[in-house]
Amino acid sequence: MVDAVASAEQAWLAEAVELARRNVAAGGGPFGAVVVRAGEVVATGTNRVTAELDPTAHAEVTAIRGACRALGTFQLSGCVLVSSCEPCPMCLAAALWARLDRVLYAADRDDAAAAGFDDRAFYELFDDPDREHWPMQVRRLDVPERTSPFEAWRNNPNRVDY
C-alpha cells in the first residue's frame, strides 16, 4: 500500500512538473500544480501571472480555483495540492484557506531562487514581526464603525461560515 501511495504521489508530481514545463514553452512561468481527491486529479493549474496580468495567478492558486469550481465548494478537505515547486507564502495561505489535507512539491525555494524566483524574501519578511522593515507600509487606522461588517456578519442568519 505504501508503495502504491508513493507511486501515485510521484505520478502527480511528474504531472505538475510537466504542466510547468509546457507552460514555459507556451510563454508562461515555470510552475504547475494539480489538486487530487481520492486518487484522481480534480483540477490543474499553471502560472498565469503574466498572461492574465494578475500577480495572484500562481499555479497553485489557479489549481485551487479550478478544483473549487469542479467540486462546487470553497473547501477542499479530502484533497491534496501537488506543485512543481514549493508554494510561496501566498499559495500556502490559499491552501490553508481551502482546507486542503496536504501539500506536496518537487523543487524547493532554493531551486526557484536559482532560476530568479526568490520567494525566500517573502518568507523572511513574514518572519519579522516589525513591519517597519517591510518595503510597503502596512498599518491600521481607527475609523468609526470599523467592526460593523463583522456585526452584520454575526447577525446574518443566512451566512455561510468558512
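Please refer to the structure placed before this passage.
Predicted, not measured: the structure shown is a model, and the values here were computed from it.

Undergrad: Quick rundown of the environment of Asp-161? Include the residues and the values.
TA: Here Asp-161 shows up in the segment after α7 (148–155). A distance of 2.8 Å separates a polar atom in the side chain of Asp-161 from a polar atom in the side chain of Arg-159.

Undergrad: Summarise a nonpolar patch on the surface; cite the residues concerned and give the values.
TA: Where nonpolar side chains cluster on the molecular surface, the patch consists of Phe-74, Trp-97, Trp-153, Val-160 and Tyr-162 and spans about 590 Å² of accessible area. As for its position among the elements, Phe-74 is in the loop between α3 (59–71) and β3 (79–85). Phe-74 gets classed as partly exposed once you look at its relative accessible area, which sits at 40%.

Undergrad: With reference to specific residues and values, describe the pairing of strand β1 (residues 32–37).
TA: For β1, the buried fraction is high: five of the six residues fall into the buried class. As paired elements, β1 and strand β2 (residues 40–46) share six bridges and run antiparallel to each other. Within β2, the residue paired with Val-36 across the bridge is Val-41. Adjacent in sequence and paired antiparallel, β1 and β2 are bridged by two residues, among which Ala-38 carries a positive phi angle near 55°. Across five bridges, the pairing between β1 and β3 is antiparallel. Residue pairing across strands places Val-34 opposite Val-82, the latter belonging to β3.

Undergrad: Residues and numbers for the sheet that holds strand β4 (residues 102–107), please.
TA: On the basis of which strands lie adjacent, the open sheet formed by four strands has the order β2-β1-β3-β4 and mixed pairing. On the outer flanks of this sheet lie β2 and β4, each paired with one strand and no other. Between one strand and the next, the sheet's axes are offset by a mean angle of 20°, whatever the strand orientation. With respect to the sheet, α3 is in contact with β1, β2 and β3, its orientation differing from that of β2 by roughly 140°.

Thresholds applied
- Residues numbered from 1 in each chain as written.
- Predicted model: local features only at pLDDT ≥ 70, side-chain atom pairs only at ≥ 80, totals over all residues.
- Heavy atoms only, no water.
- Helix = DSSP H or I, 4+ residues; strand = E, 2+ residues; numbered from the N terminus.
- Polar contact = N/O pair within 3.5 Å; in protein donor to acceptor, adjacent residues only side chain to side chain.
- Patch = residues over 30% accessible without salt bridge, like charges linked within 9 Å, V, L, I, M, F, W, Y side chains within 5 Å.
- Areas by Shrake-Rupley, 256 points an atom, 1.4 Å probe, with all protein chains shown as cover.
- Salt bridge = Lys/Arg side-chain N within 4 Å of Asp/Glu carboxyl O.
- Buried < 20%, exposed > 50% of the residue type's maximum accessible area, 1.4 Å probe, protein only.
- Pairing = 2+ DSSP bridges.
- Axes fitted to C-alpha atoms, helices over the stretch in contact; angles between N-to-C directions.
- Contact = heavy atoms within 4.5 Å.

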